[in-house]
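In case you want the letters, here they are:
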Amino acid sequence: MKRILGLTIAIALSGAALNVQAQTADEVIGKHQAAMGGEAKLKSIKSMVSEGQLQVQGMEFPFKVSVISNTGMRVEFDALGTKNIQVATPTGGWFFLPIQQQTEPVDASAEDMKDVGSELDLEGELVNAKEKGHTVELVGKDNTDGKETFKLKLTRKNGSVAYYFIDPATYYITKRLSTASMQGQQMEIVTKMSDFKKTDDGFVYASVIEQAPMETKVVISKVVMNPGITASILEKPAK
């Protein structure tokens, strides 16, 4: 009986593994889209405001992020008695960082803004990736914090590459590998997402986001979808 039971379990697990392996990138993305609320829900996101705490080097800083989908992002955070602003759009951006002794807004470089579009796509750049000019491949499976995940390779239309890791139990994105330019050097950025929550109107979001090598942790306490914000929040103040 034990032998038969063991064989039955082995066959069942083998079948499950085959099912995981047999899935295509489109199928994984489709299930991810459904897990996040479905196509109609995601397409309805035009803007978002989130608030919380940024944890870095043992300190906490309150922040507010306002995003207009595919248009721009404004990040505001308080640090050591200063109020700081960073604005990013697909074509440019600016910074006002009194924490770094800046006395007026400074334009961001084109290199700094190269991949900002991925952060502005509130639908998620994996969803309808082909329509957006990207290509996606399911390159296998990976291990993320002891859990097996799907590994998707996204090649954006600008040629940059990111890897997404999706939990087959929830179909949420739990990790992303990407590159960013920092002080003139390309650096690999590891972003981990966890503690997924749902707003009262049914939108799913990760309430904890950690990034390395910067060793930063974002804990989101409030999210509002489709608030009444306009592109005026992206304008640089006149001198």
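Here, the structure is the one placed above.
Conventions adopted
- Each residue is numbered by its place in its chain's sequence as written, counting from 1.
- Given that this is a predicted model, residues contribute local features only at a pLDDT of at least 70 and side-chain atom pairs are listed and counted only at 80 or more, while totals for whole chains, interfaces and linings are drawn from all residues.
- For side-chain calculations, the full set of non-hydrogen atoms in the structure is used, while hydrogens and water are omitted.
- Pairs were defined over the aromatic rings of Phe, Tyr and Trp, the Trp ring being its six-membered one, requiring ring centres within 6.5 Å. Orientation was assigned from the angle between planes: stacked under 30 degrees, edge-to-face over 60, tilted for the rest.
- A ring is scored as having a charge over it whenever the NZ atom of a lysine or the CZ atom of an arginine sits within 6 Å of its centre and within 35 degrees of its normal.
- Criterion for a salt bridge: a side-chain nitrogen of Lys or Arg within 4 Å of a carboxyl oxygen of Asp or Glu.
- Put simply, DSSP H or I for four residues or longer makes a helix, DSSP E for two residues or longer makes a strand, and each gets a number counted from the N terminus.
- Working definition: with a 1.4 Å probe on protein chains only, accessible area under 20% of the residue-type maximum means buried, over 50% means exposed, and in between means partly exposed.
- Any pair of residues with heavy atoms lying within 4.5 Å of one another is described as a contacting pair.
- Here a polar contact is taken to be a pair of N or O atoms separated by no more than 3.5 Å, where protein atoms must pair a possible hydrogen donor with a possible acceptor and residues adjacent in sequence count only if both atoms sit in side chains.
- DSSP-based pairing: two strands are paired if at least 2 bridges between them are found.

1. Description of the packing of aromatic side chains
Right, on to step 1. Applying the stated criterion to the full structure yields two aromatic pairs.
Right, on to step 2. A cation sits over an aromatic face here: Lys-151 above Tyr-163, 4.9 Å from the ring centre.
Right, on to step 3. Lys-175 extends its terminal NZ or CZ atom over the ring of Phe-165, reaching a point 4.5 Å from the ring centre.

2. A word on the pattern of salt bridges
Right, on to step 1. Per the stated rule, a full pass over the model turns up twelve salt bridges.
Right, on to step 2. We note a salt bridge from Lys-130 to Asp-26, for which the minimum N-O separation is 3.4 Å. Pair noted here: Lys-130 is in the loop between helix H4 (117–120) and strand S7 (135–144) and Asp-26 is in helix H2 (residues 25–35), with a separation of 104 residues, a long-range link.
Right, on to step 3. For the salt bridge of Lys-132 with Glu-123, the shortest nitrogen-to-oxygen distance reads 2.8 Å.
Right, on to step 4. The network of salt bridges with common partners includes Lys-43, Asp-121, Glu-123 and Lys-132.

3. Things to note about the environment of Ser-47
Right, on to step 1. For Ser-47, the location among the structural elements is in strand S1 (residues 47–56).
Right, on to step 2. For Ser-47, a relative accessible area of 5% puts it in the buried group.
Right, on to step 3. Remark: the alpha-carbon pair of Ser-47 and Asp-121, spanning 74 residues in sequence, is separated by 9.8 Å.
Right, on to step 4. In contact with Ser-47, other than residues within four places in its own chain, are Val-67, Ile-68, Ser-69, Leu-122, Val-224, Met-225, Asn-226, Pro-227 and Ile-229.
Right, on to step 5. For Ser-47, the side chain forms a polar contact with the main-chain oxygen of Pro-227, separated by 3.2 Å.

4. A few points about the pairing of strand S13 (residues 216–225)
Right, on to step 1. Relative to S13, S1 runs antiparallel, the two being bridged by nine bridges. From the neighbouring strand, Met-48 faces S13, where its bridge partner is Met-225.
Right, on to step 2. Examined bridge by bridge, strand S12 (residues 204–212) and S13 share four bridges and lie antiparallel to one another. Within S13, the residue paired with Val-208 across the bridge is Val-219.
Right, on to step 3. Turn length for the S12-S13 hairpin, with the two strands adjacent in sequence and antiparallel, is three residues, and the turn residue Glu-215 shows positive phi of about 55 degrees.

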